[in-house]
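# Residue-level structural notes
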Amino acid sequence: MKISIRTLLLAFFAILIFSYGCKKYDVADKDLLTAKTVSPLVAKAEMTSWIDRHVATSQAETQSYHLLKQNLNYEAAHVQKRKNGEDVLVIPVNDAIREKLKLNANYALKVITVKKNGKPRWSMIIAFLAGDGKTKSTLNNNSIQGIVNNERLEEDGLYKFFDLKGRLLYQVSYKDKKITSYGAVQAKDKRNGKDKVMSTNGSGTGNSTKMLLPEQEDCTEYYLVTTYYDQYGNPEYQTWEYLFTLCKDGNGGGGGGGGGGTPPEDPIDVEMTQEFSFPVAYTSFRPEDYRLPEGALSATPEGTPLTYDCKVSVTFASSTRKIHGVQAYPLVIHPANETYLHPEYGRIVRNVTPFSQSHNASYAGQKVSAYWTSIVNFRWAYLDRNSLPNTDDLDFNHSTSFIF
Amino acid sequence: MFFYITMENKIKDDYSSFRIDIIGEAIRSQQFDMLNVAKEGMLQLFWNTGKLINEATALQDQNFVKELASVLEVKYGRYFSLPALAQMQEFARICPPEEILLSICHNVGWKHIPVLNKLAKPSEWVYYAELVFKYQINPSELEEEIKQKDLTKNSSMSARRFDKALMERYRQVFDLDQFFKNDKHSIFRNLFELKAIEDTLTGTELVDQTMHMIDLEVDKFRKVGNTVINAIGNYTWGHIGENIASARVALAGETSLETILKSISERLNGNISTQWLEQQLKIYERVKAGPSTNSENNTQVIKEGNVTTTVISTAIGEDFNTAPNIYKNPDIMYFLEQA
């Protein structure tokens, strides 16, 4: 068979392109097919032009933008689709930016730029530290999709979000797919004293070194205020960590760097949803509800446990925490079906069923209120007795309100 | 707080029917929760749109609104026609406080707004919006009530109590006819479905600026609406699957799963298929079978006559929180359209 030089050349280029394509993505990225390649030159031109539209208001900002432009890995750039049809340009970031942001080597960093009709709208640097933070992290496409589309994030860990000049916007940590902390940058509350770092439970003053500036009326100190949540969504404690000081004349310093200027960006339209549970223990035990504890020597009957789980979700703007929507979910009772040993009647099967439910959640500002009402049907069937099941209906009412 | 109420004979006589009925009720309830989110978001969108136009018309004459409407109607349908934009402007002008807006959005549909626009005081808005929800008043009845000024004198209205069936209670407020009109091509779908919004340039700077702001509001409405509806859906699939699983355990020995599913479907006039219901059960069971520290095994033995059935189930607990995106069932629109 005769093979022409042209065919050989085509084959060579095909192999070259294929191997280049394979190199571009982390093999662990499961949803590679949802990402579209983008030429490094095009990505570089777009990002350079976009960053140049950001007007620096200080020498530090000029340096930050310059450093970013020089440290984007354009070779690994790709484009994803957001669910509302917008494009998301994703570019990994080199180590120099990670060091500038004072993040340890295990963080994975990428810059995302959301584009509408080909025009950039806003950008963020996303830094992700997986799990316990002891291993090198990977920020995969699924996580980016989850962030820009407000879907449940599959990867537990700490996510930090910065603007293009390296200023922290907010951060959120997940454990077991639940939000365990949320932090955002806030100006210092002057009511609590000029130099006092506040903490609601008296702990956590942060680990940044605060640079002492001459006292100026026009200077504002900014802190990372982080609230930590338990498994039900209840706030456990809050920490205030000094970040930086901004002065109206452009001076400032300390912590993680200053801000300023009017960026050409739309507001970051990323939402998050946080769930809150309000379990209510059933304590008004009927005679049929009592059971003999398993393996207990003393046969003192106890009420068979039952929990009414009332749940609310709050959807909010990730960077401002402004509430966009709240939702109360139907009452869930568990265990719904339980078999236990009654001291007098033998084995009982208890079926508990809520019906005629009504629930609602509303919000005013940052205050969320919710209620649940239901009739709860109890049915006790006697496995060791030849008698019909006994039934009863109880009313359940629960309401709650909390500051989000 | 708990207190005992009279036992319903129906439950005592036919436990199986009762369990099946409440699954149908749960499905209906979740469908209306989703519709309510869409409806509330839509009212906020219209209020925001009215506010943006009012701000822009402060700088221009009303001709600018005509130009805006001519483009917006093509883009988003007749919700954005010139008369509708005028209603939105009135809505934003007369009902300004955001907190009041939120409570109104919960209680009324868009068709009530032109009637409420005739009220000057926000407190009157709140009063009549509550009446709309409480007594299921349609827009023409609302107009009549406002003329009469005193609802308590109207015996026919007072006779309508809050204890009607859930679907009937919500039907008027949700404007369902509008929602489902023309099936997949309804103007609501056009407005609600997540898709890219194209920039439209008219050459008039103020129109283009206002259009861009309205585009952002529409995009926000779609995103938040879809997020919340997906969150409800995400929960709903598990909740329905859980209800079916629980009923199967409770009715073991007397009613087969096949009969349970068939009966639920029949109660919903066949709009929800048995296959769909079975899918929800399987999804729920698959998630329950996953690793969980909260599960506790529970074996139940049921004797009915000569039949003995052993059913192994797990306690219903926190798994929904840790469930993977398996609940992200793509057929939310299908689910809504069966309402």
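Below, the structure is looked at part by part. Bear in mind the structure is a predicted one, so any value in this text is a computation, not a measurement. (Residues numbered from 1 in each chain as written. Chains lettered and ligands numbered in written order. Predicted model: local features only at pLDDT ≥ 70, side-chain atom pairs only at ≥ 80, totals over all residues. Heavy atoms only, no water.)

### Examining the overall build of chain A
This is how the line gets drawn: Only DSSP runs of H or I covering at least 4 residues are called helices, and only runs of E covering at least 2 are called strands; the numbering of each starts at the N terminus. Exposure classes here rest on a 1.4 Å probe applied to the protein chains alone. A residue is buried below 20% of its type maximum, exposed above 50%, and partly exposed in between. We call two residues in contact when some of their heavy atoms are within 4.5 Å. Throughout, the Shrake-Rupley method with a 1.4 Å probe supplies accessible areas, and for residues the shown protein chains are the sole cover considered.
Along the backbone of chain A there are five helices and 21 strands. For chain A, the proportion of its 404 residues judged to be buried stands at 52%. Residue pairs in contact within chain A that sit at least 24 positions apart in sequence constitute 60% of those at least 6 positions apart. Counting only carbon and sulfur atoms, one obtains 55% of the accessible surface of chain A, whose full area is about 19,100 Å².

### Quick word on the overall build of chain B
In terms of regular secondary structure, chain B is built from 17 helices and three strands. Expressed as a percentage of its 339 residues, the buried residues of chain B come to 55%. For chain B, contacts bridging at least 24 residues in sequence account for 73% of all contacts bridging at least 6. About 15,300 Å² of surface is accessible on chain B, with carbon and sulfur atoms providing 51% of the total.

### Some remarks on the pattern of salt bridges
For clarity, the threshold we go by: Each salt bridge in this description consists of a side-chain nitrogen of Lys or Arg and a carboxyl oxygen of Asp or Glu lying within 4 Å of one another.
What the rule picks out here adds up to 26 salt bridges over all chains. Across the salt bridge formed by Glu86 of chain A and Arg121 of chain A, the nearest N and O atoms sit 2.6 Å from each other. Separated by 35 residues along the polypeptide, Glu86 of chain A in the loop between strand E2 (78-81) and strand E3 (87-92) and Arg121 of chain A in strand E5 (residues 119-130) bring together distant segments of the chain. Residue classification places Glu86 of chain A among the buried residues on the basis of a relative accessible area of 5%. Arg98 of chain A is the partner of Glu99 of chain A in a salt bridge, and the nearest nitrogen-oxygen pair spans 3.9 Å. Residue classification places Glu99 of chain A among the exposed positions, given a relative accessible area of 52%. Each member of the salt-bridge network shares a partner with another, and the members are Arg82, Glu86, Arg121, Asp266 and Asp269 of chain A together with Asp219 and Lys223 of chain B.

### Some words on the environment of Ile268 of chain A
All names here are of chain A. Relative to the helices and strands, Ile268 resides in the loop between strand E11 (252-253) and strand E12 (271-281). Sequence spacing of Ile268 and Arg121 is 147 residues, and the spatial spacing of their C-alpha atoms is 8.4 Å. In this structure Ile268 touches Trp122, Ser123, Met124, Leu169 and Ser319, once residues within four positions along its chain are discounted.

### Overview of helix H2 (residues 15-57) of chain B
Condition: A helix is expected to reach a length of 1.5 Å times the quantity of its residues less one.
With 43 residues, H2 of chain B should reach 63 Å at 1.5 Å per residue; the first-to-last C-alpha distance of 62 Å fits that figure. Within H2 of chain B, 38 of the 43 residues are buried, which leaves it mostly tucked inside the rest of the structure.

### Some words on the nonpolar core
Spelled out, the test is: Throughout, nonpolar core names a set of buried Ala, Val, Leu, Ile, Met, Phe, Trp, Tyr and Cys residues whose side chains join them through atoms within 4.5 Å.
Core analysis: the largest hydrophobic core is formed by 64 residues, its most contacted members being Phe46, Tyr79, Phe80, Ile113, Trp125 and Leu191 of chain B. Counting residues in each nonpolar core, the second largest holds 61 residues, with Met124, Leu169, Phe276 and Tyr363 of chain A among its members.

### A look at unusual backbone geometry
All names here are of chain A. In this chain, His334 is followed by Pro335 through a cis amide linkage whose omega measures -5 degrees. By secondary structure assignment, the location of Pro335 is in the loop between strand E17 (332-334) and strand E18 (337-342). Positive phi values are uncommon outside glycine, yet Asn150 reaches one of about 50 degrees. Structurally, Asn150 can be placed in the loop between helix H5 (141-149) and strand E6 (157-162). Residues other than glycine seldom take positive phi values, yet Arg321 does so here, at roughly 65 degrees. Inspection of the secondary structure puts Arg321 in the loop between strand E15 (307-317) and strand E16 (323-328).

### Focus: the packing of H2 of chain B against helix H14 (residues 257-267) of chain B
All names here are of chain B. Basically, it comes down to this: Angles run from 0 to 180 degrees between N-to-C directions of axes, and those axes are lines fitted to C-alpha atoms, restricted for helices to the stretch in contact. The labels follow the angle: roughly parallel below 35 degrees, roughly antiparallel above 145, roughly perpendicular from 65 to 115, and oblique for the rest. In this scheme the handedness of a crossing depends on how the near helix is turned from the far one: anticlockwise by less than a right angle means left-handed, clockwise means right-handed. Three classes are used: nonpolar for Ala, Val, Leu, Ile, Met, Phe, Trp, Tyr, Cys and Pro, charged for Asp, Glu, Lys and Arg, and polar for all others, with Gly counted as polar.
Here H2 crosses H14 at 55 degrees, and the two axes come no closer than 9 Å. In terms of orientation, H2 and H14 fall into the oblique class. The way H2 lies across H14 gives a crossing that is right-handed. Only Ile260, Ser263, Ile264 and Arg267 of H14 make contact with H2, whose side of the interface consists of Ser17, Ile20, Asp21, Ile23, Gly24 and Ile27. Per-class residue counts for the contact of H2 with H14 are five nonpolar, three polar and two charged.

### With respect to the packing of aromatic side chains
Both the distance between ring centres and the angle between the ring planes are used here to describe each pair of aromatic rings. Applicable threshold: Classification of ring pairs rests on two measures: the distance between centres of Phe, Tyr or Trp rings, Trp counted by its six-membered ring, which must be within 6.5 Å, and the angle between planes, read as stacked under 30 degrees, edge-to-face over 60 and tilted in between. By definition here, charges over rings are those cases where NZ of Lys or CZ of Arg is within 6 Å of the ring centre and within 35 degrees of the ring normal.
Applying the stated criterion across every chain yields a total of 32 aromatic pairs over all chains. Measuring from ring centre to ring centre gives 5.9 Å for Tyr15 of chain B and Phe18 of chain B, while their planes differ by 40 degrees; the resulting arrangement is tilted. One end of the pair, Tyr15 of chain B, and the other, Phe18 of chain B, are both in helix H2, three residues apart, so they sit about a helical turn from each other. Residues Tyr15 of chain B and Phe18 of chain B agree in their burial class; the two are buried. Grouping aromatic residues by their ring pairs yields a cluster made of Phe161, Tyr170, Tyr182, Tyr229, Phe276, Phe278, Phe316, Trp372, Phe402 and Phe404 of chain A. The lysine or arginine in question, Arg379 of chain A, covers the ring of Tyr15 of chain B, its NZ or CZ lying 4.0 Å from the ring centre.

### Notes on the environment of Ile112 of chain A
Residues and elements named next belong to chain A. Within the secondary structure, Ile112 is located in strand E4 (residues 108-116). For Ile112, a relative accessible area of 0% corresponds to the buried category. For Ile112 and Gln80, which are 32 residues apart along the polypeptide, the C-alpha to C-alpha distance reads 9.8 Å. Here Ile112 is in contact with Val88, Leu89, Val90, Trp122, Ser123, Met124, Ile126, Ile144 and Val148, once residues within four sequence places are set aside.

### Describing the environment of Asn94 of chain A
Mapped onto the elements of the fold, Asn94 of chain A is located in the loop between E3 and helix H4 (95-100). Spatially, the C-alpha atom of Asn94 of chain A lies 5.2 Å from that of Asn71 of chain A, the residues being 23 residues apart in sequence.

### So, the pairing of strand E7 (residues 168-175) of chain A
All names here are of chain A. To keep it simple, the criterion reads: Pairing between strands is defined by DSSP: at least two bridges between them are needed.
Counting buried positions along E7 gives seven out of eight residues, so the element sits mostly inside the fold. Across six bridges, E6 lies against E7 in antiparallel orientation. When the sheet's bridge partners are listed, Leu158 is paired in E7 with Ser173. Turn length for the E6-E7 hairpin, with the two strands adjacent in sequence and antiparallel, is five residues, and the turn residue Gly166 shows positive phi of about 90 degrees. In the sheet, E7 pairs with strand E8 (residues 178-187) via six bridges, with the strands oriented antiparallel. Residue pairing across strands places Val172 opposite Tyr182, the latter belonging to E8. If you look at the hairpin formed by E7 and E8, you'll find two residues sitting between the two strands, and Asp176 has a positive phi there, around 50 degrees.

### A few points about the packing of helix H13 (residues 205-250) of chain B against H14 of chain B
Residues and elements named next belong to chain B. Interaxial distance between H13 and H14 falls to 10 Å at its minimum, and their mutual angle equals 130 degrees. The orientation of H13 relative to H14 falls into the category oblique. When the axes of H13 and H14 are compared, the crossing they make is right-handed. Contacts from Ile244, Ala247 and Arg248 in H13 reach Leu257, Ile260, Leu261 and Ile264 in H14.

### Here's the deal with the side chain of Asp156 of chain A
Residues and elements named next belong to chain A. What counts here: In summary, the charge assignment counts Lys and Arg as positive and Asp and Glu as negative, without counting His or the chain termini. Whenever two N or O atoms come within 3.5 Å, that pair is a polar contact, provided that in protein one can donate a hydrogen and the other can accept it, and provided that, for residues adjacent in sequence, both atoms are side-chain atoms.
Tracing the backbone through its elements, the reader meets Asp156 in the loop between H5 and E6. The side chain of Asp156 is buried and forms no salt bridge, while Lys177, the nearest opposite charge, is found at 4.4 Å. Looking at Asp156, its side chain comes within polar contact range of the main-chain nitrogen of Asp176, at 2.7 Å. Sequence-distant contacts of Asp156, defined by excluding residues within four places in its chain, comprise Phe128, Ala130, Gly131, Tyr174, Lys175, Asp176 and Lys177.

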